[in-house]
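# Notes for the structure review
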Amino acid sequence: MDTAREQRILKFSIGVTVAVSATGFIGGLLVGSQAILFDGVYSLVDVALTLVALAVLRLLGREGSPRFQYGYWHLEPMVEALGGAILALACIYALANSIIGLTTGGHVIRAGPALMWATLLCVSNLGMAAFVRVHAARLHSPLLWLDVRAWLLSGMMSLAVVLAFALALLLEDGDHAHWIPFLDPLVLAIISLAVLPVPLRGAWKAMREVLQVAPDTLDARVQAVMTQFVAEHGYLGFTSHVAKMGRMRFVEIHILTHPDTVIGTIGSVDALRDDIAERLDARGSEFWLTIDFTADPAWT
């Protein structure tokens, strides 16, 4: 499988992420904003995850090895699960910091400069989310979609910070100016709670693949196709096993026949397999399809 284009996109994403992370760190320290600083930390974590994803893509482009004879497909959902777990922990850490800030009276921020830093981060993050999304959809890459989610989450966090600091500017010199120190930790808490479900859902979905939970859609399609195929040819029945790991789908089908059934030559058997593959649309490189015929129920 050619993953060169995905690798190029991820390399570019890593470069931009490093720049955004540095901007977040510097901006957060200069204006005294934990929310902007968290955006920088989030981006730094994303750099590490993207580097891991890049290494996995290089492995996916190789053939199987004597140790990993089925290839490296299992690494893809493992990276997604790990990434989701780490990002979820980052959100929980940020939430704890925001609660500490709210219970200790908040802190003073420089709203004007903070607004400019947050706007710069917001535009960068959302722009990269849109850019990577186009390539993820075109290449059907789960790892690129993981990168899209990370950029989008960072962009939404930055947008929330922009709105909060705009509100802080409106409150200055007014009757409610005493609430300004609480805005930064409050926004950080809201961002953390809003973002937390996204990496958790991604981690749960990836863990289902790691644990080889049968995907319902693929299982239903195999059952429907094989029920019709067995009825058409008068076979006794079939069993099937399906799993999905990353972009690879594994389908194993055992067809039970009468002991005296005559299928024909090897070419005839291959023609039957071809028919099933066509019905399942399993001709692509993302399918690992195994089909056998037997008259012994013990083999099904």
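The name given to the protein in an unreviewed UniProt entry is Cation diffusion facilitator family transporter, and the organism recorded there is Stenotrophomonas rhizophila. Turning to the protein, the UniProt annotation filed under Subcellular location (unreviewed entry) states: "Membrane".

## A few points about empty space enclosed by the protein
Tallying each qualifying case throughout the model produces three cavities of 30 Å³ or more. A volume near 80 Å³ is recorded for the largest cavity. In terms of lining, the largest cavity is formed by Tyr42, Glu80, Gly84, Leu87, Leu146, Arg149, Ala150, Leu153, Val198, Pro199, Gly202 and Ala203. Grouping the amino acids of the lining of the largest cavity by side-chain chemistry returns eight nonpolar, two polar and two charged. Leu10, Asp46, Leu49, Thr50, Ala53, Leu87, Leu143, Leu146, Asp147 and Ala150 together form the lining of the second largest cavity. If you list the elements that add at least two residues to the lining of the second largest cavity, you get helix H2 (34–60) and helix H5 (142–171).

## Re the nonpolar core
Grouped burial of nonpolar side chains is what soluble globular proteins tend to show. Core analysis: the biggest nonpolar cluster contains 54 residues, and Ile36, Phe38, Tyr42, Val161 and Phe165 have the highest contact counts within it. Listed by contribution, the elements that provide at least two residues to this core are helix H1 (4–31), H2, helix H3 (75–103), helix H4 (111–139), H5, helix H6 (180–195) and strand E2 (248–256). Counting residues per element, this core draws most heavily on H2, which supplies twelve residues. Sequence-distant contacts of Ile36, defined by excluding residues within four places in its chain, comprise Gly24, Gly27, Gly28, Val31, Ala114, Trp117, Ala118, Leu121, Val161 and Phe165. In this structure, Leu218, Val222, Val251 and Phe287 belong to the second largest nonpolar core, which totals 19 residues.

## Quick look at the environment of Ser154
With respect to the helices, strands and loops of the structure, Ser154 is situated in helix H5. On the basis of relative accessible area, Ser154 is assigned to the buried category, the value being 3%. Between the C-alpha atom of Ser154 and that of Val269, which follows or precedes it by 115 residues, the distance is 53 Å. With near-sequence residues (within four places) excluded, Ser154 lies in contact with Asp39, Tyr42, Ser43 and Asn125.

## A short note on the packing of aromatic side chains
Applying the stated criterion across every chain yields a total of five aromatic pairs. Centroid distance Phe12 to Phe131: 5.4 Å. Interplanar angle 65°. Geometry classified as edge-to-face. Remark: Phe131 occurs in helix H4 and Phe12 occurs in helix H1; sequence separation between them is 119 residues. When the ring of Tyr235 is compared with that of Phe293, the centres are 5.9 Å apart and the planes differ by 70°; the resulting orientation is edge-to-face. Highlighted residues: Tyr235 in the loop between helix H8 (216–233) and strand E1 (237–245) and Phe293 in strand E3 (residues 287–294), separated in sequence by 58 residues. Each member of the aromatic cluster is reached from another via a ring pair, and the members are Phe229, Tyr235 and Phe293.

So, how was this worked out
Residues numbered from 1 in each chain as written. Predicted model: local features only at pLDDT ≥ 70, side-chain atom pairs only at ≥ 80, totals over all residues. Heavy atoms only, no water. UniProt positions renumbered as here; feature names shortened; annotations may be inferred. 1 Å grid on protein atoms, 1.4 Å probe; cavity = no way out; pocket = protein on both sides within 12 Å on 5 of 7 lines; lining within 4 Å. Points joined across faces, edges and corners; volume = space filled by probe spheres on them. Nonpolar A, V, L, I, M, F, W, Y, C, P; charged D, E, K, R; others polar. Helix = DSSP H or I, 4+ residues; strand = E, 2+ residues; numbered from the N terminus. Core = buried A, V, L, I, M, F, W, Y, C linked by side-chain atoms within 4.5 Å. Buried < 20%, exposed > 50% of the residue type's maximum accessible area, 1.4 Å probe, protein only. Contact = heavy atoms within 4.5 Å. Phe/Tyr/Trp six-rings, centres within 6.5 Å; stacked < 30°, edge-to-face > 60°.

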